[in-house]
Amino acid sequence: MAKIRQLSKHLINQIAAGEVIERPASVVKELTENSVDAGAKKISIEITNDCRDIRVADNGSGIHPDEIVLAFSKHATSKLQEDDDLFDIHTLGFRGEALASIISIAKLTCITRTKDFETGKKVRCENSEVYEAETGCAVGTIMDVKDLFYNVPVRLKFMKNPNTEFSYIQEVVQTIALSHPAVAIELKKNGKTVLKTTGQNNLTQTIKEVFSSDVTNNLKEVLKSDELSGLRISGFVSTPDYTRSSKKNYHIYINSRGVKCPVFQKSIDTVYRNLTANNKYPFVVLNLEIPTSDVDVNVHPTKKEVRYKNPNQIYNFIYSAIQAGLANYVEKNVTPIGVGDKYTVSSNDEEESKHNSVIEFPVDNSNREFYVDEKSDTMFITDSEMEKLEQKQTSAVSQQTIFTHQEFDNDEQKDNVIGQYHDTYILIDTEEGLEIVDQHIAEERYIYEKLKEEKNIVSQMLFVSDVIEVSVSEIELIKENLDKFERFGYGIEFLSDKELIFRKVPQLLSKTSPKDILADILNNIEGDIDNLEEKILITTSCKAAVKANTKLSIWQMQDIIKKWRTTKMPYTCPHGRTISKVIPHKELAGFFQRAK
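Quick caveat: nothing in here was measured; it's all calculated off a predicted structure. (Residues numbered from 1 in each chain as written. Predicted model: local features only at pLDDT ≥ 70, side-chain atom pairs only at ≥ 80, totals over all residues. Heavy atoms only, no water.)

**Student:** Got a sec to walk through the overall build of the protein chain? Specific residues and values, please.
**Tutor:** The number of helices and strands found in the protein chain is 20 helices and 29 strands. When burial is assessed residue by residue, the protein chain has 47% of its 596 residues classed as buried. Relative to all contacts within the protein chain whose residues are 6 or more apart in sequence, the contacts with residues 24 or more apart total 71%. When the accessible surface of the protein chain is totalled, it reaches about 29,900 Å², and 48% of it is carbon and sulfur. (Helix = DSSP H or I, 4+ residues; strand = E, 2+ residues; numbered from the N terminus. Buried < 20%, exposed > 50% of the residue type's maximum accessible area, 1.4 Å probe, protein only. Contact = heavy atoms within 4.5 Å. Areas by Shrake-Rupley, 256 points an atom, 1.4 Å probe, with all protein chains shown as cover.)

If you want it as structure tokens, here you go:
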């Protein structure tokens, strides 16, 4: 067996670099986050040489000349002064690994100056060796990385196509730009500007600059705070009729740090579960501000994973905030600010504090079910518990007095129903343009919300009912969940192990065949008995709503539209289908070559 020996400093740094620097995007992330931590208001990032040359320049505070060599040493940082600071982190970086890792696998030149000195320092690093000299430069720091992975051919071999690597870089810059709207960031590829934000400290403007105005036109603001727990969430989520095909557009942050958080993602998914179609996901930019003592970010070298002191509380808070935002609830006496801004609640005046605080949604935390993901050691809530929580919080939202509900005002809306197309779509002349509404799913949304809020659903007794044959397993399923059927106005009697009849159905369905109702409910389950009560509700709403290809009178159409306008979630039906589409006046006029 070979003798044990101490590894060289350079080899140690190369091994560590394998964890910290996965690809060129990792270098961009570490250097840009350092610029943000240095208080920079302008950051320029330039990418050349197939993503192997990276230049990051900022106008931040710079590095003190006496500390410049130390900055490139392993575990050297200005962000932790004492041991306890590890549990009170307010910066993006804190480990002191990035620079030492980068100089072990690339050639780096650093030019930096602080405002206290007339000249700056130029440092050249290669193979973990550091050489410094005095130079003239502006206040701030320039990090110029050349020939990334030049001395690690295996890592170089595993780099993907330059366009793919640049797409990862672009995602990193987008993430930082969205979490710090007060910082102007520019990303260039081979001299061409690919992304640029103006740093106006306006999150809506930043989203528009990073993506497009089409995105900002379909967003709802989320803003909620809880003085008692020190939690605050702000940002935007898209309306359920504006979705993407993946979760790639979940931009979620904890104290302005981009993270991959299963608890956060699950709360978003649960809110949108019955608002969007299968495999469709919303656009989300949300920042959760949480006391540093209640969250651990020192879980993984990339700092992407977090652990919460109370994951159940976090889930509840995020869930209720998003749901309120989609329902047009806005906090009173709270000034909306950009993601990443600091937030404090004044407690000088007791009465003022009462007005500024937000009442927490009542949630029963007893008998809570959890499971732990072994990979991330993160605590989750089971789907069945989430369903119970969703029902309680839906009721809680409707009873909240701390929010102002901006409901659709039918008088102000001035709906002018002009007719019906194909006996399926209602046409409305609105101030924005021609609105086309699917009559079935608009009424389905109204009935769904009405039934969900009803405590006692009116039933219709059936004196004659067809005998319905089902399988033994389906009979057992219905028996085990009979209380859920009764909750929505169904009365079922079992004749044998394979036969049953309906004694009563919801009054809304008095003219619908019970056989069709049960067939649809069982078909919706498809082997998945989770959230059965929700599926019964969805089927009931669908069956009760006016059907497509049904001719309606003007007053019937007006009644459907009037009721639909009062719903909290007027975007999609419970199955996730979009309810309406507006064709703007300008678009119609343009098609016919008319001036508006």
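**Student:** A description of the pairing of strand β6 (residues 140-146) should follow, citing residues and the corresponding values.
**Tutor:** When strand β2 (residues 53-58) meets β6, the two strands line up antiparallel, connected through five bridges. Note on β6: the bridge partner recorded for D58 is T141. Two elements, strand β3 (residues 107-113) and β6, share seven bridges in a ladder whose sense is antiparallel. From the neighbouring strand, T109 faces β6, where its bridge partner is D144. (Pairing = 2+ DSSP bridges.)

**Student:** Go over helix α6 (residues 162-179), please, and point to the residues and values.
**Tutor:** Compared with an ideal rise of 1.5 Å per residue, which puts 18 residues at 26 Å, α6 spans 26 Å between its outermost C-alpha atoms and is within 8% of the ideal. Within the span of α6, buried status applies to E165, F166, I169, V172, V173, Q174, I176, A177, L178 and S179. (Expected span 1.5 Å × (residues − 1).)

**Student:** Kindly report on the confidence of the model for the protein chain, identifying the contributing residues and their values.
**Tutor:** Summary statistics for the protein chain give a mean pLDDT of 78 and a share of 75% for residues scoring 70 or more. Counting interchain partners and residues more than four positions distant, the pLDDT-below-50 stretch residues 332-383 has 107 contacts. Throughout residues 392-412 the model reports pLDDT below 50, and contacts reaching past four residues in sequence, or to other chains, amount to 50 contacts. (pLDDT = per-residue confidence, 0-100.)

**Student:** Which residues make up the sheet that holds strand β24 (residues 433-438), and what values do they have?
**Tutor:** Within the open sheet, the four strands sit side by side as β22-β23-β24-β29. Their pairing is antiparallel. One side of each edge strand has no neighbouring strand; the edge strands of this open sheet are β22 (416-421) and β29 (580-584). Strand-to-strand, the axes of this sheet are offset by a mean angle of 25°, without reference to chain direction. Alignment of strand β23 (residues 425-429) against β24, held across five bridges, turns out to be antiparallel. Within β24, the residue paired with D429 across the bridge is L434. Running at roughly 70° to β24, helix α14 (residues 439-453) makes contact with β22, β23 and β24 of the sheet. (Axes fitted to C-alpha atoms, helices over the stretch in contact; angles between N-to-C directions.)

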